[in-house]
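# Structure assessment
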Amino acid sequence: MKAALHDTFGEPIDVLKTTETDKPTPAAGEVLVKMTLSPIHNHDLWTIRGTYGYKPELPGVIGGSEALGTIEAVGEGVDAAMIGKRVTIAGVHGTWAEYFVAPADGVLPLPDAISDTAGAQLIAMPFSAISLLETLKAKKGDWIIQTAANGAVGKIMVTLAKARGINLLSLVRRQEAAKELTDMGIENVLSTSDADWQKKARDIVGAGGAVSAIDSVGGDVSADLVDLLGTDGELVVFGTATGAPMPLSSGALIMKHITVKGFWGARVSKDMDPEERKRLITELVTLTAKGELVLEDGGAFALDDVAQAMTAALTPGRAGKVMIRG
């Protein structure tokens, strides 16, 4: 089969190549999935660079961690009735290939109302977003501030917060990104490139400040978020687009009793109670099937065009996740 793999760590466009490799065989408790679409996530790119929390053993590592496809075969102990079902799964390895294996109890059969494009990216980012929302102090009527609002999780958070009656202030770094979101009908969007954005933000969230702030950028904006939080507020670090340190004021942290903590979706998902996971995924599937949670793509590329796919994934301003086609 064809697969996009790398033998060394480095920039994806330099080290990833499409080649022929052995088609996997499902072991006991596994299914063999014929891949239809697989998104390119930031954590996939970090994994290829060798800078993610999970570091695969080289060489011959197939990229990708989420995909939609059709079950072609099952391993021992798996119901043969699963063959032919259209499923999605995340948290696996090696999905940028014509075929991949996955735990049978981890795949999610999808209703026809959910498109391949939405289904292929339904779990990783949306599940991280809804899991994050579950952990926040902010409840109905409260304010959350998020950075990187034009990213996948940011756009998903808009839908999830609205569904739960939580107010959301969305921050981006460019005027073009702000316009993209407002053109989508998203309210309370500010660009941190505006000289007076902090004042506008205070006017929006009110004198009491926000209850929760989600930062996916890092650097100076982290301190601004702390300033916009109310007493007993929380700053949750979800990502670091800039990689810059967070220059937080100890005075503000002390006087307002601010909590600062990290959030890693992979660990939260791993430790989550199965019933809780089922409840949250059901909510995501329902929102998507009803058309309330819209998941678009930023273009789909064949496995043979993996270099172009990596270039597209690293280009700002795309409409959604760049996909690799099986």
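Please read these numbers as outputs of a predicted model, since none were measured by experiment. (Residues numbered from 1 in each chain as written. Predicted model: local features only at pLDDT ≥ 70, side-chain atom pairs only at ≥ 80, totals over all residues. Heavy atoms only, no water.)

## So, the overall build of the protein
- Counting its secondary structure elements, the protein contains twelve helices and 16 strands.
- For 326 residues, the compact-globule formula gives about 20 Å, and the C-alpha radius of gyration of the protein, at 20 Å, lands near that figure.
- Overall, the protein is about 60 × 40 × 35 Å in size when its C-alpha atoms are taken along their principal axes.
- Expressed as a percentage of the 326 residues in the protein, the buried residues total 47%. (Helix = DSSP H or I, 4+ residues; strand = E, 2+ residues; numbered from the N terminus. Rg over C-alpha atoms; globule rule 2.2 N^0.38 Å. Buried < 20%, exposed > 50% of the residue type's maximum accessible area, 1.4 Å probe, protein only.)

## Here we look at the sheet that holds strand β13 (residues 229-237)
- Spatial ordering of the open sheet is given by β11-β10-β9-β12-β13-β14, a layout of six strands whose pairing is parallel. Lying at the two open borders of the sheet, with one neighbouring strand each, are β11 (189-191) and β14 (259-262). Pairs of neighbouring strands in the sheet enclose a mean axial angle of 20°, with direction left out of account.
- Summarising the sheet, strand β10 (residues 167-172) and β11 pair through three bridges and their orientation is parallel. Within β11, the position partnered with L171 by the bridge is L190.
- Of the strands in this sheet, β9 (143-146), β10, β12 (210-215) and β13 touch helix α8 (residues 221-228), which is tilted by about 150° from β13. (Pairing = 2+ DSSP bridges. Axes fitted to C-alpha atoms, helices over the stretch in contact; angles between N-to-C directions. Contact = heavy atoms within 4.5 Å.)

## As for the environment of P103
- Among the structural elements, P103 can be located in strand β7 (residues 99-103).
- Look at P103 and you get partly exposed, because its relative accessible area is 36%.
- Sequence separation between P103 and G29 is 74 residues, and the spatial gap between their C-alpha atoms is 6.1 Å.
- Those residues within four positions of P103 in sequence are excluded, and the remaining contacts are G29, E30, I89 and V92.

## Points about the sheet that holds strand β4 (residues 61-62)
- Pairing in this open sheet of three strands is antiparallel, and the strands run β2-β1-β4 from one edge to the other. Looking along the sheet, the strands with just one partner apiece sit at the ends: β2 (17-20) and β4.

## Structural notes on helix α12 (residues 306-313)
- Of the residues making up α12, those classed as buried are V306, A309, M310, A312 and A313. Seen from one end, α12 has its buried residues packed into an arc of 160°, which puts them on one side.
- Contacts made by the buried residues of α12 are with β1 (2-6), α1 (12-15), β2, α2 (42-49), β15 (297-302) and β16 (321-325). (Arc of directions from axis to C-beta.)

Read these as spatial facts, not as claims about activity.
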